[in-house]
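One letter stands for each residue in the lines below.
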Amino acid sequence: MATDAGRLTTELAVRVRDLHRSFNADGGVLNGLDLDIAAGEFVALIGRSGTGKSTLLRALAGLDRDVAGHGRITVPEQVSVVFQDSRLLPWKRVLDNVTFGLRGSDSADRGRQALEEVGLAGRERAWPYQLSGGEQQRAALARSLVREPQLLLADEPFGALDALTRIRMHALLRKLCEAHRPAVLLVTHDVDEAIVLADRVILLDAGVVAIDVRVELARRSRSDAEFAKLRTLLLDKLGVDEEARR
Ligand SMILES: Nc1ncnc2c1ncn2[C@@H]1O[C@H](COP(=O)(O)OP(=O)(O)OP(=O)(O)O)[C@@H](O)[C@H]1O
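Residues numbered from 1 in each chain as written. Predicted model: local features only at pLDDT ≥ 70, side-chain atom pairs only at ≥ 80, totals over all residues.

Undergrad: Which residues make up the overall build of the protein, and what are the values?
TA: A count of helical and extended segments in the protein gives seven helices and eleven strands. Judged by the C-alpha coordinates and their principal axes, the protein covers about 45 × 45 × 45 Å. The proportion of buried residues among the 246 residues of the protein is 36%. Long-range pairs, those at least 24 residues apart, make up 68% of the contacts in the protein between residues at least 6 apart in sequence. (Helix = DSSP H or I, 4+ residues; strand = E, 2+ residues; numbered from the N terminus. Buried ≥ 20, exposed ≤ 12 C-beta atoms within 10 Å, placed from the backbone. Contact = placed C-beta atoms within 7 Å.)

Here it is, written out as structure tokens:
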């Protein structure tokens, strides 16, 4: 974090202090977690299954009412969430899904523009079932970004997509983030996806941040030596053995 004579110069989008969360008496899922995300910063969150990634995301999204009193969480006013499934309303057309709950006489125009940005121009009147999985996630991104969130929370948004569609979605998400500059917290199981997309990768273990690395790669290419180094560091910590790394 940039500091100037001890003064915080970077505006924060997320500030979490000493966050605890448990679901039973066996022990905590989150155990005193601290996390800062700067405005406009793209953070990928990885960790073994069951380490509390979704629990943290739900807490930040305000979806976990019981987390109150278990730590301090500060998030911006405008927060959008995307999940692995698009959660489009099946009885509403694509444009109406994107503008659902928006106020203002220009909401349809804003919705159309968002659909154009995600490559769905011309599909405004389609029903969700008429879209492919990738297109549904594009619509979900449009629905999130039309609200101009200061924070975008994404829980495995590309987890159900095929490899080629994922690569296209990576390019799209980076483009959208460069245009709109929300802070992003992206939960992913895919270490390569984390390195390709994020400014910073955080690895959660035992309910706290175990690794917090900045991604400083000029080219985000898998053939880059720095890419390989970072990948090895993260896979080692995740306990993925050599054989499984191809
Ligand atoms: N509402 C709940 N009630 C009871 N236990 C829960 C609840 N939500 C999460 N848990 C438990 O908390 C732990 C962490 O779950 P969480 O979904 O946050 O993990 P995760 O890191 O996102 O896992 P995955 O990578 O598999 O999605 C798990 O053991 C899970 O069973």
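Next comes the rest of the description.
Undergrad: Describe the confidence of the model for the protein, listing the residues and the values that go with them.
TA: When pLDDT is averaged across the protein, the result is 90; 93% of the residues are at 70 or more. Within the protein, the element-level pLDDT minimum falls on strand 1 (residues 3–4), averaging 40, and the maximum on helix 2 (residues 94–99), averaging 98. A low-confidence stretch, residues 1–9 (pLDDT under 50), is modelled with eight contacts involving residues beyond four sequence positions or located in other chains. (pLDDT = per-residue confidence, 0-100.)

Undergrad: Can you explain the sheet that holds strand 4 (residues 30–38)? Please cite residues and give values.
TA: Overall, antiparallel pairing links the three strands, which are arranged 4-3-6 in an open sheet. Across the chains shown, the open sheet's two edge strands, defined by having one partner strand only, are strand 4 and strand 6 (72–74). For this sheet, the mean angle separating the axes of adjacent strands, direction not counted, is 10°. In this structure, strand 3 (residues 12–21) lies alongside strand 6, joined through three bridges in antiparallel fashion. Residue pairing in the sheet places valine 16 in a bridge with isoleucine 73 of strand 6. (Pairing = 2+ DSSP bridges. Axes fitted to C-alpha atoms, helices over the stretch in contact; angles between N-to-C directions.)

Undergrad: Help me get a handle on the site of the ligand, residues and values and all.
TA: Surveying the vicinity of the ligand reveals the residues Phe23, Val29, Gly47, Ser49, Gly50, Thr51, Gly52, Lys53, Ser54 and Thr55. For the shell around the ligand, the per-class residue count stands at two nonpolar, seven polar and one charged. (Near = placed C-beta within 6 Å. Nonpolar A, V, L, I, M, F, W, Y, C, P; charged D, E, K, R; others polar.)

Undergrad: So what's going on with the packing of helix 4 (residues 133–145) against helix 5 (residues 163–180)? Which residues, and what values?
TA: Put simply, helix 4 and helix 5 touch, their axes get as near as 11 Å, and they point 10° apart. By the angle between their directions, the pair helix 4 and helix 5 is classed as roughly parallel. Handedness of the crossing formed by helix 4 with helix 5: right-handed. Residues Gly134, Gln137, Leu141 and Leu145 of helix 4 form the contact with helix 5, whose own contacting residues are Thr165, Met169, Leu176 and His180. Per-class residue counts for the contact of helix 4 with helix 5 are four nonpolar, four polar and no charged. (Parallel < 35°, antiparallel > 145°, perpendicular 65-115°, else oblique. Left-handed = near helix turned anticlockwise from the far one by under 90°.)

Undergrad: So, the environment of serine 86: which residues are in play, and what are the values?
TA: Position of serine 86 relative to the elements: it lies in the loop between strand 7 (79–82) and helix 2. Considered as a pair, serine 86 and isoleucine 73 are 13 residues apart in the sequence and their alpha carbons are 26 Å apart. Setting aside chain neighbours within four positions, we find serine 86 in contact with Gln136, Gln137, Ala139 and Ala140.

Undergrad: Any chance you could break down unusual backbone geometry for me, citing the residues and the numbers?
TA: At glutamate 156, a residue that is not glycine, the phi angle is positive and equals roughly 50°. Looking at where glutamate 156 falls in the secondary structure, it is placed in the loop between strand 8 (151–155) and helix 5. At alanine 206, a residue that is not glycine, the phi angle is positive and equals roughly 55°. Along the chain, alanine 206 turns up in the loop between strand 10 (200–205) and strand 11 (208–214).

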